[in-house]
Every structure is written in C-alpha cells, then in structure tokens.
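A look at the structure
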Amino acid sequence: MKPITVLLADDNQVVREEFRKLLELEDDLEVVGEAINGLQALDLAQNLRPALVLMDVTMPGILNGLQATRQILKAVPATKVLMLSAHSDDVYVEEATNSGAMGYLIKYTAANSVCSAIREVHKGNTFFSPSIPKRLHKRNQKKQTG
C-alpha cells in the first residue's frame, strides 16, 4: 500500500520535529518535506504534490497558514490541508474551514490524534479536535434559537 505523503508546515522547528517523529512511527504515513512559512509551504506543495499538508495557522512572512491553504488548494487541488494551531478560538476554526481546510487540530491535543486525523482527511472526511465540534454545534444552536 502506498503511504500517505505529508508536508509539515510550521515555523517552530521543535513542533515539526515532534510531528515528524510521530508520523515516522506509522507505516502508512510518510513526511516528504518541511516548510517554515506559508510561501515555502506553497512552493513545496507545488513541487512535491503531497497528499496532505499539516499546516500551522499562524506563520511569519508573506503568507500565513490560512492564505497558504487557499493558494495550495488552487495550485494543487488533489492535496488536502489539515490545520494545526495553538489557537482554539472559533474565529480561527471558521477561517480555516472557509480557506478549504478539511480539519483543525489544537496543538496541545494533536499528538494523540494527528495520525487518525491525517487518515480521515485523506479519505475525504473532516476531522476536528474533540472540543471544537461541540462548541461550534452549541453556538449554532444558540444562533438558530436566538
């Protein structure tokens, strides 16, 4: 079986290294590149054509993670994006999904679920850190009843 190819995009080297270590333990996941900013993520995605980009929301430079996600999905439509962030605010989650991301992981909970999340998003499903869907669902219910 061909592994799911993953591009890691995060400005924090320690975060990239830790996620690389986690993914390398899995036979069906392969890290094909690492980017330190959105512009480099776009360039590597166009050249490497990974199945999935694990993208930090906030990165320095011309393109942040949200902007890079939009550009990557235009340039390489077959690639899927899974957002990764320290920010759990609903605004970030909504911006990420509006940018075309198929999921959103909060960094401090991501280590437990990143491999499952990558597999689900690769299949075309969405995946969110456990607290996010409940919060968004409650907020949507308030909007509908309010």
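Refer to the structure above for everything that follows.
Just so it is clear, the structure is predicted and the values come from calculations on it, not from any experiment. The numbering scheme is per chain: residues are counted from 1 as the chain's sequence reads. In keeping with the predicted nature of the model, local features appear solely for residues at pLDDT of at least 70, side-chain atom pairs appear and are counted solely at 80 or more, and the whole-chain, interface and lining totals rest on all residues. Derived side-chain values reflect all non-hydrogen atoms in the structure, with water molecules and hydrogen atoms excluded from consideration.

1. Some details on helix H3 (residues 65–75)
Among the residues of H3, those classed as buried are Gly65, Leu66, Ala68, Thr69 and Ile72. All buried residues of H3 lie within an arc of 160° about the axis, which places them on one face of the element. By definition, residues are in contact when any of their heavy atoms lie within 4.5 Å. The helix count covers DSSP runs of H or I at least four residues long, the strand count covers runs of E at least two residues long, and both are numbered beginning at the N terminus. Its buried side turned inward, H3 meets helix H2 (38–48), strand E3 (52–56), strand E4 (80–85) and helix H4 (90–99). N-cap assignment for H3: the residue whose side-chain oxygen lies 2.9 Å from the backbone N of Leu66 is Asn64. Burial classes follow relative accessibility: with a 1.4 Å probe on protein chains only, a residue under 20% of its type's maximum area counts as buried, one over 50% as exposed, and anything between as partly exposed. Here, the arc refers to the directions that run from the helix axis to the C-beta atoms. Any pair of N or O atoms that falls within 3.5 Å is considered a polar contact. Within protein, one atom must be able to donate a hydrogen and the other to accept it, and sequence-neighbouring residues count only if both atoms are side-chain atoms.

2. What to know about the pattern of salt bridges
Salt bridges are defined as contacts in which a side-chain nitrogen from Lys or Arg sits within 4 Å of a carboxyl oxygen from Asp or Glu. One pass over the structure, following the stated rule, counts 9 salt bridges. Across the pair Glu34 and Arg16 runs a salt bridge, and its minimum N-O distance is 3.0 Å. Of this pair, Glu34 sits in strand E2 (residues 29–35) while Arg16 sits in helix H1 (residues 13–24), and the two are 18 residues apart along the sequence. Assessed through its relative accessible area of 26%, Glu34 is described here as partly exposed. Its relative accessible area of 9% is what places Arg16 among the buried residues.

3. Some words on the pairing of strand E1 (residues 4–9)
Successive side chains on a regular strand alternate, one facing one side of the sheet and the next facing the other. Most of E1 is tucked away, with 6 of its 6 residues classed as buried. Side chains Ile4, Val6 and Leu8 project from E1 onto one buried face, and the interleaved Thr5, Leu7 and Ala9 project onto a second face that is buried too. Bridging between E1 and E2 involves 6 bridges; their strand directions are parallel. Across the sheet, residue Ala9 finds its bridge partner in E2, namely Ala35. When E1 meets E3, the two strands line up parallel, connected through 4 bridges. Within the sheet, the bridge partner assigned to Leu7 lies in E3 and is Val53. Paired strands are those between which DSSP finds at least two bridges.

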